[in-house]
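A look at the structure
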Amino acid sequence: MSQKSYRIAVLPGDGTGPEVVAEGIKVLDAASRKFGFKLDFTHFDFGGERYLKTGEVLPDSAASDLKKFDAIFLGAIGHPDVKPGILEKGILLRLRFELDQYINLRPVKLYPGVETPLRDKGPADIDYIVVRENTGGIYTGTGGVTMKGTPHEVAVQSNVYNRFQVERCIRYAFEVTRKRNRRKTLALCGKTNVLTYVFDLWERVFHEVGRKDYPDIQREYYHVDATCMWMVKNPEWFDVIVTDNMFGDIITDLGAMTQGGMGIAAGGNLNPEGVSMFEPIGGSAPKYTGKNVINPLAAICSGMMMLDHLGETAAAEAIERSVMDVTAHKLKSLSAGKMGYSTTEVGDLVAKGV
Ligand code: IPM
Ligand code: MN
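Residues numbered from 1 in each chain as written. Chains lettered and ligands numbered in written order. Predicted model: local features only at pLDDT ≥ 70, side-chain atom pairs only at ≥ 80, totals over all residues. Heavy atoms only, no water.

Focus: the overall build of the chain
Definition in use: A helix here means a DSSP run of H or I that spans at least four residues, while a strand means a run of E at least two residues long, and both kinds are numbered starting from the N terminus. Just to be clear, the radius of gyration here is over C-alpha atoms, and the globule rule we use is 2.2 Å times residues to the power 0.38. Burial classes follow relative accessibility: with a 1.4 Å probe on protein chains only, a residue under 20% of its type's maximum area counts as buried, one over 50% as exposed, and anything between as partly exposed. Any pair of residues with heavy atoms lying within 4.5 Å of one another is described as a contacting pair. Only the protein chains shown count as cover for residues, with accessible areas throughout obtained via the Shrake-Rupley method and a probe of 1.4 Å.
Helices and strands together make up the secondary structure of the chain, namely 11 helices and 12 strands. Computed over the C-alpha atoms, the radius of gyration of the chain is 20 Å, within 12% of the 20 Å expected from 2.2 N^0.38 for a compact globule of 354 residues. Principal axes of the C-alpha set define a box for the chain whose edges measure 50 × 50 × 45 Å. Taken over 354 residues, the chain has a buried fraction of 53%. Counting contacts in the chain only where the partners sit at least 6 residues apart, residues at least 24 apart contribute 76% of the total. Working note: accessible area of the chain is about 15800 Å², and carbon and sulfur atoms make up 53% of it.

This is the structure we're talking about:
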């Protein structure tokens, strides 16, 4: 019988990206050996170093080259010697847009043994998924600046959505909620009391699609400010949250802190009909670079999400069980330098337990 095999593009990127990606690959390799499939990794050097050397942020062929892979595994983008925005927009956002990865899936899940700043909350209370729209809104809306540098400078950046973008995101979120099969509740996070055009569109589509095609799923609505409040006060209310690009960016950092911080928070930029890209939510952490102290669990969990997305569900579950065992019984903390183990040792521990 021929072995199933997947081609993975690896973009280690900047700072601690390469270190955490190496541990992710270590764990993925362990899972592939155990569960009998093959992973074939091809590395790309996109990032700050390459930009500083060549002056090119991203080759124009990048997206079409990456489309030939089954998935993309990314470390971190962001370099201390490059002005903020150039690499983020030129690499990360450009790839999300050009590969039409219109969903950003960000689970907020507190693993056993992990400290949360939410008093009296445990793993049973913090376990939900944020579905962030990932290719529209204010991130790609029209905008510009006039009279720059004068007292009359005008700057505009608009939150633009069309129905197609909203509907495909909301449908995906309903599907996730159904597949999860927990509280069967999808919450829309918006701001219908102020952004009366854009979130009116979101809200109408949400109820129309839900009423017609997902009668088994309960619908709730929260303003974004209230969402933040309840994510802190009553996270157990949430099952799946769907929201736009900007609000999704903000609330998932809040969610990440409640699940133990950037050392553990993982995400996937998904094109359900194309190639998807998996990345830790945290940045390139320049101050920890090369010290073997950064926590690789977020990258490892991104790898786990990648396997789940590829259909290797049993392997993904085994990685998650191993991660939980490590958080529950080994690590002293999830913070860089305070784990009680080095980056590579944490990778070893998870790989061994798969
Ligand atoms: C994220 C990041 C990016 C975003 C930045 C780096 C462009 O914050 O993945 O959440 O805003 O989407
Ligand atoms: Mn962010």
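Still more ground to cover, so stick around.
A few points about the packing of aromatic side chains
Any two aromatic rings considered together are summarised by their centre-to-centre distance and by the angle between their planes. Short version of the rule: Centres within 6.5 Å make a pair out of two Phe, Tyr or Trp rings, where for Trp the six-membered ring is used; the pair is then stacked when the planes are under 30 degrees apart, edge-to-face when over 60, and tilted otherwise.
Scanning the model with the defined rule gives 11 aromatic pairs in all. Geometrically, the ring pair formed by Tyr 128 and Phe 238 is tilted, given 5.6 Å between the ring centres and 50° between the ring planes. With Tyr 128 in strand 5 (residues 127-133) and Phe 238 in the loop between helix 7 (224-233) and strand 10 (240-243), this pair connects stretches of sequence that are 110 residues apart. Judged by its relative accessible area of 4%, Phe 238 is buried. When the centroid spacing of 5.3 Å and the interplanar angle of 70° are considered together, the rings of Tyr 222 and Phe 238 count as edge-to-face. Residue Tyr 222 is found in strand 9 (residues 218-223), and its partner Phe 238 is found in the loop between helix 7 and strand 10; the two are separated by 16 residues along the sequence.

A look at the side chain of Glu 320
Structurally, the position occupied by Glu 320 is in helix 10 (residues 313-329). Those residues in contact with Glu 320 that sit more than four places away from it in its chain are Lys 109, Tyr 111 and Met 304.

Overview of the pairing of strand 9
Keep this limit in mind: Only when DSSP finds a minimum of two bridges between them are two strands counted as paired.
Alignment of strand 8 (residues 185-190) against strand 9, held across six bridges, turns out to be parallel. Note on strand 9: the bridge partner recorded for Gly 190 is His 223.

Things to note about the domain arrangement of the chain
How we decide: Where each domain starts and ends follows an automatic or database-derived domain assignment. A carboxyl oxygen of Asp or Glu within 4 Å of a side-chain nitrogen of Lys or Arg is what we treat as a salt bridge. For the purposes of these results, a polar contact is taken to be a pair of N or O atoms within 3.5 Å, where, inside protein, one atom must be able to donate a hydrogen and its partner to accept one; residues adjacent in sequence count only when each atom of the pair is a side-chain atom. Residues are grouped as follows: Ala, Val, Leu, Ile, Met, Phe, Trp, Tyr, Cys and Pro are nonpolar; Asp, Glu, Lys and Arg are charged; every other residue, Gly included, is polar.
Here the chain is partitioned into domain 1 (1-109 + 265-354) and domain 2 (116-259). Centre-to-centre separation of domain 1 and domain 2, based on C-alpha positions: 24 Å. In this assembly, 19 residues from domain 1 lie in contact with 23 residues from domain 2. Seen at the junction of domain 1 and domain 2, the total is one salt bridge. At the surface where domain 1 touches domain 2, the tally comes to 10 residue pairs in polar contact (both at pLDDT 80 or more). Of all elements in the fold, only helix 4 (86-98), strand 4 (103-109) and strand 11 (266-270) reach the threshold of two or more residues within the side of domain 1 that touches domain 2. Counting residues per element, the side of domain 1 that touches domain 2 draws most heavily on strand 4, which supplies seven residues. A class-by-class count of the residues in the side of domain 1 that touches domain 2 yields 12 nonpolar, three polar and four charged.

What about the packing of helix 10 against helix 11 (residues 343-353)?
Test applied: Lines fitted to C-alpha atoms define the axes here, with helix axes fitted over just the stretch in contact, and angles between the N-to-C directions of these axes take values from 0 to 180 degrees. Here the word oblique covers every angle except those under 35 degrees (roughly parallel), over 145 (roughly antiparallel) and from 65 to 115 (roughly perpendicular). Two helices that cross are described as forming a left-handed crossing if the nearer one is turned anticlockwise from the farther one by less than a right angle, and a right-handed crossing if clockwise.
Running from N to C, helix 10 and helix 11 point in directions that differ by 130°, and their axes come no closer than 8 Å. As the angle between them shows, helix 10 and helix 11 are arranged oblique. Here helix 10 and helix 11 pass one another in a crossing that is right-handed. Seen from helix 10, the contacting residues are Ser 322, Val 323 and Val 326; seen from helix 11, they are Leu 349, Val 350 and Gly 353. Along the lines of polarity and charge, the residues of the contact of helix 10 with helix 11 split into four nonpolar, two polar and no charged.

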